[in-house]
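Each chain, written out:
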Amino acid sequence: MTAPRIEEKLFQNRYLVDAGRPHIRIRPHEKPSAALLAMVDTCPAGCYLETDKGTVEIVADGCIECGTCRVVTQKTGEIEWNYPRGGFGILFKFG
Ligand code: SF4
């Protein structure tokens, strides 16, 4: 028996969007730091994207609250990171 793929496990989770109240925000910038730019490839939920202008945007829907972006950009201060309000965000399903 083979172990399930990580994508299959993540698919079991559900996400409740808190419309208009994203729990992670990127501060306005013209050029992202290397740390912020790295999140485009390292966020496990694919929440970060690079725009045509070279800036970085986030769509926090689907965030699994791993905290990677919070740690990686801690020194640059480019993001505001909070947990979602109670009842919103990722709903983990185990098993
Ligand atoms: S906390 Fe994790 S999943 Fe959520 S946006 Fe940051 S890196 Fe992506």
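Right, let's walk through the structure included here. (Residues numbered from 1 in each chain as written. Predicted model: local features only at pLDDT ≥ 70, side-chain atom pairs only at ≥ 80, totals over all residues.)

Moving on: the overall build of the protein. Scanning the protein for helices and strands turns up three helices and six strands. For the protein, the N- to C-terminal ordering of α and β elements is α-β-β-α-β-β-α-β-β. Along the first, second and third principal axes, the C-alpha set of the protein runs to 45 × 30 × 25 Å. Relative to its full complement of 95 residues, the protein shows a buried share of 16%. Long-range pairs, those at least 24 residues apart, make up 68% of the contacts in the protein with a sequence separation of at least 6. (Helix = DSSP H or I, 4+ residues; strand = E, 2+ residues; numbered from the N terminus. Buried ≥ 20, exposed ≤ 12 C-beta atoms within 10 Å, placed from the backbone. Contact = placed C-beta atoms within 7 Å.)

Around the ligand, the structure places Ile-24, Cys-43, Pro-44, Ala-45, Cys-47, Cys-63, Ile-64, Glu-65, Cys-66, Gly-67, Thr-68 and Cys-69. Here the shell around the ligand is built from residues that sort into nine nonpolar, two polar and one charged. (Near = placed C-beta within 6 Å. Nonpolar A, V, L, I, M, F, W, Y, C, P; charged D, E, K, R; others polar.)

Here His-29 is to be found in the loop between strand S2 (24-26) and helix H2 (34-42). Residue His-29 is classed as partly exposed on the basis of its C-beta count, with 13 C-beta atoms lying within 10 Å. In this structure the C-alpha to C-alpha distance between His-29 and Lys-93, which are 64 residues apart in sequence, comes to 36 Å. Residues contacting His-29, with those up to four places away along its chain left out, are Thr-55 and Glu-78.

When you line up the elements, Ala-60 lands in the loop between strand S4 (56-58) and helix H3 (68-72). C-alpha separation for the pair Ala-60 and Arg-21, spaced 39 residues apart in sequence, amounts to 9.7 Å.

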